[in-house]
Amino acid sequence: MNWSQLLNQVYADAIPTLGRGEVATYIPALAEVPANRFGIALVTVEGDLAAVGHAHEPFSIQSISKVFSLAMALRDGGDALWQRCGREPSGNSFNSLVQLEREHGIPRNPFINAGALVVADLLAKRRINARADLLKFMRNRVGNERLYYDERVAASEAATGARNRALAWFIKSFGNIEGKVDEVLDLYFHQCALAMSCVELARAACFLANEGIDPFTQERVLNPLQTRRINALMLTCGTYDAAGEVAFQVGLPAKSGVGGGILAIVPRKLAIVAWSPRLDPQGNSVASLAAMRSFVERSGLTVF
Ligand code: GLU
């Protein structure tokens, strides 16, 4: 396959959608990103790279970070997480509190905020400095020592994070956050503030396409079963309350973030990332989703 040619076609297919949707405005740092930014990158398990548009420009990965914190938590603690977090789509918005009351503080899955906070608690509990360790983990995945947390974004997340605080304290009230709530939130706000480009993110996620082995360093990040499970969760829970629709239309494990990025995995083949800031009402980037649809239609690469 000529990946560059394919991405150029995919890019052209999605360009007409660029004016649609709204940029996330809950923090200034996201509201200020030029809305017409659009990049796509893919990295194959053989190490081939293709990129088009603003694929080298760092953006706020936001909820896509939940994939990596989950990977670290599974690596740290194996199946222990599943005593404290479910694996079902929530059918509610990503930051909803309502199910937690009925379900005794056990979040539906690790990709809604409640689940990501439990994951962050697990990481924080086992480590002296989980924030530094997560950054190191990401730097290793990307092979870039300069990868950074955007402290301005992290500070804004903290300043506007009333709902995440409410979630964390509520979960704590059920005993499902064991550590200090402030430490858990600090880790969560920072992971959301990781600044990465499409190229970096695709490379970082390549182990998910390669049965858990980072194809660049040959390091085993996860075992094949853990890797399959993350992909399964991405397919069923990775794109907010549109995961069913995305599975229907795209048919790839995918995780999106309110920064406008979408990461998708073609198992045993490649990781692909698209980024454009305008979001649809569910919170998925309009142009990035259009790119994923076009990619699958043109390449025939899907898990189904
Ligand atoms: N920082 C956002 C929050 O925690 C992340 C939202 C997202 O990308 O889904 O609400």
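Residues numbered from 1 in each chain as written. Predicted model: local features only at pLDDT ≥ 70, side-chain atom pairs only at ≥ 80, totals over all residues. Heavy atoms only, no water.

Chemist: Kindly report on the sheet that holds strand S3 (residues 49-53), identifying the contributing residues and their values.
Modeler: Reading across the sheet, the five strands line up as S3-S2-S9-S8-S7 and stay open at both edges, with antiparallel pairing between neighbours. The sheet terminates laterally at S3 and strand S7 (254-256), the two strands that pair on one side only. The mean inter-strand angle of the sheet, taken between neighbouring strand axes irrespective of direction, is 10°. Across six bridges, strand S8 (residues 261-266) lies against strand S9 (residues 270-275) in antiparallel orientation. For Ala 264, the partnering residue across the bridge sits in S9 and is Ile 272. (Pairing = 2+ DSSP bridges. Helix = DSSP H or I, 4+ residues; strand = E, 2+ residues; numbered from the N terminus. Axes fitted to C-alpha atoms, helices over the stretch in contact; angles between N-to-C directions.)

Chemist: Can you tell me about the packing of helix H3 (residues 65-77) against helix H9 (residues 181-192), naming the residues and giving the values?
Modeler: Between H3 and H9, the shortest axis-to-axis distance is 9 Å and the interhelical angle comes to 130°. If you check the angle between H3 and H9, you find them oblique. By crossing handedness, the relation of H3 to H9 is classed as right-handed. The residues of H9 that touch H3, namely those facing Ser 65, Lys 66 and Ser 69, are Tyr 188, Gln 191 and Cys 192. (Parallel < 35°, antiparallel > 145°, perpendicular 65-115°, else oblique. Left-handed = near helix turned anticlockwise from the far one by under 90°. Contact = heavy atoms within 4.5 Å.)

Chemist: Which residues make up unusual backbone geometry, and what are the values?
Modeler: Despite not being glycine, Tyr 240 has its phi angle at roughly 55°, a positive value. Structurally, Tyr 240 is set in the loop between helix H11 (224-237) and helix H12 (243-249). At Arg 268, a position not held by glycine, the phi torsion is positive, near 65°. We classify Arg 268 as exposed; its relative accessible area is 56%. (Buried < 20%, exposed > 50% of the residue type's maximum accessible area, 1.4 Å probe, protein only.)

Chemist: Go over the packing of H3 against helix H5 (residues 113-126), please, and point to the residues and values.
Modeler: Put simply, H3 and H5 touch, their axes get as near as 9 Å, and they point 45° apart. As judged from the angle between their axes, H3 and H5 are oblique. For the crossing formed where H3 meets H5, the hand is left-handed. Contacts between H3 and H5 involve Lys 66, Ser 69, Leu 70, Met 72, Ala 73, Asp 76 and Gly 77 on the former and, on the latter, Asn 113, Ala 116, Val 119, Leu 122, Leu 123 and Arg 126. Of the residues in the contact of H3 with H5, the class split is seven nonpolar, three polar and three charged. (Nonpolar A, V, L, I, M, F, W, Y, C, P; charged D, E, K, R; others polar.)

Chemist: I'd like to hear about the sheet that holds strand S5 (residues 148-149), residue by residue, with values.
Modeler: On the basis of which strands lie adjacent, the open sheet formed by three strands has the order S4-S6-S5 and antiparallel pairing. The sheet is open, and its two borders are formed by strand S4 (59-60) and S5, each paired with just one other strand. Sheet topology places S5 next to strand S6 (residues 194-196); two bridges connect them, and they run antiparallel. Note on S6: the bridge partner recorded for Tyr 148 is Ala 195. Along the sheet, H9 contacts S4, S5 and S6; its crossing angle with S6, the most-contacted strand, is approximately 15°.

Chemist: Which residues make up the site of the ligand, and what are the values?
Modeler: Neighbouring residues of the ligand: Tyr 26, Gln 62, Ser 63, Phe 94, Asn 113, Glu 157, Asn 164, Tyr 188, Cys 192, Tyr 240, Gly 257 and Val 258. Side-chain polar atom of Asn 164 to an oxygen atom of the ligand: 3.0 Å apart, as the coordinates give it. Note that an oxygen atom of the ligand is positioned 2.5 Å from one of the side-chain N or O atoms of Tyr 240. In terms of residue class, the shell around the ligand is built from six nonpolar, five polar and one charged. (Near = heavy atom within 4 Å. Polar contact = N/O pair within 3.5 Å; in protein donor to acceptor, adjacent residues only side chain to side chain.)

Chemist: Let's hear about empty space enclosed by the protein: which residues, and what values?
Modeler: Tallying each qualifying case throughout the model produces one cavity of 30 Å³ or more. By volume, the largest cavity is sized at about 60 Å³. Surrounding the largest cavity, 13 residues form its lining, Ser 90, Ser 96, Gln 99, Leu 100 and Ile 112 being those nearest its centre. The biggest single contributor to the lining of the largest cavity is helix H4 (residues 98-102), with three residues. By residue class, the composition of the lining of the largest cavity is six nonpolar, five polar and two charged. (1 Å grid on protein atoms, 1.4 Å probe; cavity = no way out; pocket = protein on both sides within 12 Å on 5 of 7 lines; lining within 4 Å. Points joined across faces, edges and corners; volume = space filled by probe spheres on them.)

Chemist: So what about the pattern of salt bridges? Which residues, and what values?
Modeler: If you walk through the whole model with that rule in mind, you get 16 salt bridges. Residues Arg 84 and Asp 121 are paired through a salt bridge, measuring 2.6 Å at the closest nitrogen-oxygen approach. In this pair, Arg 84 is assigned in the loop between H3 and H4 and Asp 121 in helix H5, connecting sequence segments 37 residues apart. Between Arg 141 and Glu 219 there is a salt bridge; the shortest N-O distance is 3.0 Å. Placement of Arg 141 in helix H6 (residues 130-142) and of Glu 219 in the loop between helix H10 (198-204) and H11 is noted, with a sequence separation of 78 residues between them. Among the residues examined, Glu 219 registers a relative accessible area of 29% and is labelled partly exposed. Because the salt bridges share partners, they merge into one network encompassing Arg 75, Arg 141, Asp 214 and Glu 219. (Salt bridge = Lys/Arg side-chain N within 4 Å of Asp/Glu carboxyl O.)

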